Amino acid sequence: MTVQIAPRKKLIEVSIPLEAINKESAREKSIRHGHPSTLHLWWARRPLAACRAVLFAQLVDDPSSCLEEFPTKQAQDAERDRLHKLIAALVPWEASNNETILNQARYEIARSVARGRGDKLPLIDQMKPQQIIDYLQKNAPPVYDPFSGGGSIPLEAQRLGLTAMGSDLNPVAVLIGKALVELPPKFAGRKPVNPEVNELHQWKGAEGLADDVRYYGRWVREQAEKKIGHLYPKVKLKDGKEATVIAWLWARTVPSPDPRARGAHVPLVSSFMLTSRANKEVIVKPVVDRAKMTWAFEIDENPSKSDIEAAKKGTKAARGANFTCLLTGAAIDDTHVKSEAIAGRMGAALMAIVAEGQRNRSYFAPTPEHVKAADVAAPDLPEIDQPLPNDPRAIWCTLYGLDRFTKLFTPRQLVALTTFSDLVMTVREKVLADAKKHWSDAQVGDDCRLAEGGLGPAAYSDAIATYLVFAINKLSTRSCTQTAWYVDRESTMAAFSRQGIPMTWDFAEMNTLLDGSGSYGNAVEWTAETIDNLAVGSRFGTISNLDAAVNNYPARPVVISTDPPYYDNIGYADLSDFFYIWLRRALSPVWPDLFRRVVTPKKEELVASPYRHGSKSDAEDFFMQGMNKALAALRSAATDNDPLAIYYAFKQSEIATDGITSAGWAAFLQAVVDAGLIVDGTWPMRTEQPHGLRAMKSNSLASSIVLVCRRRDTSAPTITRADFLRTLRREMPAALAEIRHGGVGPTDIHQSAIGPGIGIFTRHSQVLNTDGTPMLVRDALKLVNQVREEITAPVTGEYDPETLFALDWFAAKGFEKGRSGDAIVMTNAVNVSLDGMNAGGFFLADGGVARLLRREELPDDWDPANDNHATVWEACQHLIKRLRAEDGGIDAAAALYNRLGSHAEPAHALARRLYDICEQKQWATEGYVYNQLHQEWDAIEKRAATLADVGEARDLFSR
């Protein structure tokens, strides 16, 4: 009989190694091959590193709640540091399949589960890895993501040995989740069934499944070439040989509005550039005969600089659909283009042919043969010929007559995609026959389909078909008129480079039978590489098609970790229809329940889309009502022992003057509060690294924030606004100190401070304003920011008067020039003289102009030990100067640190304060250096402590 013990505080409620998590989350963006994000496009996926770390920290006890094991603060800090190091080892991509690291993480989770149950767990070296997973499967609650989307959270729960569950309203998201979480474990450890199977290979995980995807994908591609190879003629070279065409580049055309053009169609081209390789540029050059009012395209392989500049502009006259008539020079405005396009008078003209070359691409002018090859009859596809959603925020092509999905493809592209689609159903029968030959009688006897829970040949052939259709969806993003030509890389660029379907004026039609980037063969290989990395240490998972607002949760209680829709950021249903229609055409027999609708469900989707609900306010009301229901449902299903983790993603437009208060953020937090949840942690997760001024400015705001929540007691008291402020001032200093100890730097402290602050607000049933009305989250956020500013502002007693003056001057002027008269007023306020500031060596007032000296102007040989009046300002600036010098770094800064004495810690506090000023002023470049000093502070202190040899320290200092 187990003994129930009171819930313990989890690691995520105290501190996590945020910088390590953010670093790996950002790095993950550059990892492609084998990454689950390459299986199928889904928007706004959370990085696996973040999901893995959050889940681990949600489930592992914080040492402060384990007094029997860690009775002192010193012991708790040491254990917390150990867990932080384990998270840092766990989050890199390379750890995804590292069973040693994963097993350590699973064991730590199992230890916490055992503590909660009162069980005694053996030491890790006394347990086999499978025993740890078995313990978790039996005793740990399932992890459930009710907005599973691209499947990152269930996948990482499965990787950690937990029971993984998820659901989503969108069928495309559900199928992606099934392909990641459900299917690989069903067929893990099996040999491939194809005729070329390597009988000697030891097939681990889902490698056999991946091998069959490769084999049968090749078969589909070979059969497709037999059927449609004639649609892709080669181009003839000057020496009589032939080259394979990579792509045909097209320009849309409309009749010219100028009567002089006599109704001739003219091209709408955003750029005539074909390649931008330095000194090897190639352009399309229009040849115009104004006497006959005709034009044609030629290829110029040796363009002049003026021709290159003209080519970059195409026939564009301004932003939007504003062009210049190629024949007469007349203006073609947006209104004309729209009216002609909607009337069905927008066409397309072949602009250039791109073919394989000996080293690079070869470019050719259009020929009648290639124009004719593209002129095929479009197949009748009622299931594809669905209307595009009329969302003016993200789908703009409808304004130009491209209002049905079939219009987003050329006839040749429709023929190709339907050919591949039909062949997948053919190859499914081939897989079924091969599986029956290879598998045992008992396995063959299981004739249930995949959607029915089958594990035999029928289910396996369904799985192979599913993955091969995913490859067709990849192909569709390179085989539509949203595909652009990427001149820098001389390749096609997939559609959905942004979260929308814009209007394209010139587009690239790829040869679908290629073997290279973007082709079907390439898509199959990327799919197989992803499968290779799945089903590691996992058990069956479950992803269901459910509406989060009315989800009754098939399992209870569960650990909630979820990434909900973000107010009005992305219209997932609208965008995913592009894929749904092709999935439905091929896979409705395989997944009949998922594809019972003609398009994805829209009415129930929790997105504040004004076009669906009539107005912005009605859309917000819908979002709030639906999100309240969804949050209430997940609250009722959540365990009492573990906190909930809820992600919120920001748009950069949500940066506001008072920090991160925005309509979407405040509305979302209000929904969390209204659902009866306490927020006691907010962890900023970034997926971008700052590079350059613009990036650093945007990086002042996290890409997303993880809210750590627990259920609020129904008997929670009501307090007043004054009580709320007093509690904030009493509790937040210690909470912020703990957050800083965990490694949170100035960049993220504003967002992290919301956790303890809004936690105080949410643990009360209400906070009453002075007029007796309940305080809203938006107003509570402002008070939290106010108190956080009070706490993070320095105690002026730590600073000498000169530093106080420099701080005030910096806040007003930065390093720019000001008036000496202003400086006199400000020096009087802190009881120093202007002459004294001039003598200090870091401020200059001369001829009525005054300014702070920049770091590069400060003396290189400054030594605080020999300066009778060293200041904290100088200590901070010289530390940064040494840290960032080409011949400096940690060692040089540490040597200076050892000579600063009592000025060292105030210099650190000053750096944090200066960063706050830079963020408020949006001085991103300057703010970056203060954040850098903070991030390296621990390393500087540790190195300083090792410089016991005076001679070494002196050498480093004088270097």
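This structure is a prediction, so every number in the text was calculated from the model and none was measured. (Residues numbered from 1 in each chain as written. Predicted model: local features only at pLDDT ≥ 70, side-chain atom pairs only at ≥ 80, totals over all residues. Heavy atoms only, no water.)

**What to know about the overall build of the protein**
- If you tally the helices and strands in the protein, you get 32 helices and 27 strands.
- A compact globule built from 959 residues would reach a C-alpha radius of gyration of about 30 Å, and the protein, at 32 Å, matches this within 12%.
- Based on the C-alpha atoms only, the size of the protein along its principal axes is roughly 85 × 85 × 65 Å.
- Counting over 959 residues, the protein shows a buried share of 58%.
- As displayed, the protein offers around 39,100 Å² of accessible surface, 50% of which is attributable to carbon and sulfur atoms.
- Mean positive and mean negative side-chain charge positions of the protein (112 and 120 charges, respectively) differ by 3 Å. (Helix = DSSP H or I, 4+ residues; strand = E, 2+ residues; numbered from the N terminus. Rg over C-alpha atoms; globule rule 2.2 N^0.38 Å. Buried < 20%, exposed > 50% of the residue type's maximum accessible area, 1.4 Å probe, protein only. Areas by Shrake-Rupley, 256 points an atom, 1.4 Å probe, with all protein chains shown as cover. Lys, Arg positive; Asp, Glu negative; His and termini not counted. Charge placed at Lys NZ, Arg CZ, Asp CG, Glu CD.)

**Here's the deal with the packing of aromatic side chains**
- Considering all chains together, one arrives at 30 aromatic pairs under this definition.
- Geometrically, the ring pair formed by Y215 and Y216 is edge-to-face, given 4.9 Å between the ring centres and 90 degrees between the ring planes. The burial state of Y215 is the same as that of Y216; both residues are buried.
- Here the aromatic rings of F496 and F578 are separated by 5.1 Å at their centres, their planes lie at 80 degrees, and the arrangement is edge-to-face. Of the two residues, F496 sits in the loop between β16 (491-493) and β17 (506-510) while F578 sits in helix α16 (residues 572-587), which places them 82 residues apart along the sequence. The same class applies to F496 and to F578, which are both buried.
- Chaining the aromatic ring pairs together yields one cluster made of W42, W43, F409, F496, Y572, F578, F579 and W582.
- Between R190 and the ring centre of W439, over which it is positioned, the NZ or CZ distance is 4.3 Å. (Phe/Tyr/Trp six-rings, centres within 6.5 Å; stacked < 30°, edge-to-face > 60°. Lys NZ or Arg CZ within 6 Å of the ring centre and 35° of its normal.)

**Quick look at the sheet that holds strand β19 (residues 559-562)**
- Strand order in the open sheet formed by 7 strands is β18-β2-β1-β19-β20-β22-β21, with mixed pairing between adjacent strands. Across the chains shown, the open sheet's two edge strands, defined by having one partner strand only, are β18 (542-545) and β21 (677-685). Averaged over neighbouring strand pairs, the angle between their axes works out to 20 degrees when direction is ignored.
- The sheet contact formed by strand β1 (residues 143-145) and β19 spans 2 bridges and is parallel. What sits directly across from Y144, in β19, is I560. (Pairing = 2+ DSSP bridges. Axes fitted to C-alpha atoms, helices over the stretch in contact; angles between N-to-C directions.)

**Some thoughts on the confidence of the model for the protein**
- Here the protein averages 88 in pLDDT, and 93% of its residues register 70 or above.
- Confidence, read as mean pLDDT per element, is least for helix α20 (residues 692-698) in the protein (33) and greatest for β1 (97).
- In the model, residues 652-661 has pLDDT below 50 throughout and makes 21 contacts with residues more than four positions away in sequence or in other chains.
- In this model, residues 688-702 is a region of pLDDT below 50 whose contacts with residues beyond four sequence positions or in other chains number 34 contacts. (pLDDT = per-residue confidence, 0-100. Contact = heavy atoms within 4.5 Å.)

**Describing the sheet that holds strand β8 (residues 282-289)**
- Here 3 strands make up an open sheet; going across it, the order is β7-β8-β9 and the pairing antiparallel. If you trace the sheet from one side to the other, it starts and ends with β7 (273-275) and β9 (294-300), each paired once. Recorded for the sheet is a direction-independent mean angle of 30 degrees between the axes of neighbouring strands.
- Across 2 bridges, β7 lies against β8 in antiparallel orientation. What sits directly across from M273, in β8, is I283.

**Observations regarding the pattern of salt bridges**
- The full count for this structure, using the stated rule, is 60 salt bridges.
- Here R115 and E69 are joined by a salt bridge, their closest N and O atoms 2.5 Å apart. Note that R115 is positioned in helix α4 (residues 99-117) and E69 in the loop between α2 (48-59) and α3 (73-90), a separation of 46 residues in sequence.
- Residue classification places R115 among the buried positions, given a relative accessible area of 12%.
- Under the relative-accessibility criterion, E69 is labelled partly exposed at 34%.
- Across the pair D515 and R221 runs a salt bridge whose closest N-O atoms are separated by 3.6 Å. Linking D515 in the loop between β17 and α15 (520-532) with R221 in helix α8 (residues 207-228), this pair joins segments that are 294 residues apart in sequence. (Salt bridge = Lys/Arg side-chain N within 4 Å of Asp/Glu carboxyl O.)

**What about the nonpolar core?**
- Core analysis: the largest hydrophobic core is formed by 251 residues, its most contacted members being L468, Y520, L587, W683, L707 and F724.
- Here this core takes 12 residues from helix α14 (residues 457-478), the largest share from any one element.
- Leaving out residues up to four positions away in the same chain, F724 has contacts with I719, G757, I760, F761, V767, M775, A780, L783 and V784.
- Core analysis: the second largest hydrophobic core is formed by 51 residues, V830, L853, A870 and I940 among them. (Core = buried A, V, L, I, M, F, W, Y, C linked by side-chain atoms within 4.5 Å.)

**Points about the pairing of β17**
- The buried fraction of β17 amounts to 5 of the 5 residues, a majority that puts the element mostly inside the structure.
- Because side chains alternate across β17, one face comprises the buried residues D506, A508 and M510, and the other comprises F507 and E509, equally buried.
- Sheet topology places strand β5 (residues 245-255) next to β17; 5 bridges connect them, and they run antiparallel. Considered in β17, the bridge of L249 is made with A508.

**Quick notes on the packing of α14 against α16**
- Packing of α14 against α16 brings their axes to within 10 Å, and their N-to-C directions diverge by 145 degrees. α14 and α16 meet at a crossing whose hand is right-handed. Judged by residue contacts, A465, T466, V469, F470, N473, S476 and T477 of α14 engage F578, F579, W582, L583, A586 and L587 from α16.
- The residue makeup of the contact of α14 with α16, split by class, is 9 nonpolar, 4 polar and no charged. (Left-handed = near helix turned anticlockwise from the far one by under 90°. Nonpolar A, V, L, I, M, F, W, Y, C, P; charged D, E, K, R; others polar.)

**So, α14**
- If you check α14, its first and last C-alpha atoms are 32 Å apart, about what 22 residues at 1.5 Å a residue would give, namely 32 Å.
- Across the 22 residues that make up α14, a large majority, 22, are buried. (Expected span 1.5 Å × (residues − 1).)

**Here's the deal with the environment of A89**
- Position of A89 relative to the elements: it lies in helix α3.
- Residue A89 is classed as partly exposed on the basis of its relative accessible area of 32%.
- Residues A89 and A20, 69 residues apart in the sequence, show an inter-C-alpha distance of 9.0 Å.
- Those residues in contact with A89 that lie beyond four places of it in its chain are A95 and I101.

**Structural notes on the environment of A907**
- Turning to its location among the elements, A907 is positioned in helix α29 (residues 904-921).
- In the structure, A907 is positioned 33 residues away from E874 in sequence and 8.4 Å away in space, judged by C-alpha atoms.

**Digging into the packing of α8 against α14**
- With their axes 10 Å apart at the nearest point, α8 and α14 run at an angle of 65 degrees to one another. For α8 against α14, the interelement crossing comes out right-handed. Of α14, the residues touching α8 (which contributes G208, L209, D212, V213, Y216, G217 and V220) are Y460, I464, Y467 and L468.

**Describing the side chain of T410**
- Along the chain, the position of T410 falls in the loop between α11 (368-374) and α12 (411-438).
- Residue T410 is classed as buried on the basis of its relative accessible area of 12%.
- Within the structure, the side chain of T410 is placed 3.1 Å from the side chain of E509, a separation counted as a polar contact. (Polar contact = N/O pair within 3.5 Å; in protein donor to acceptor, adjacent residues only side chain to side chain.)

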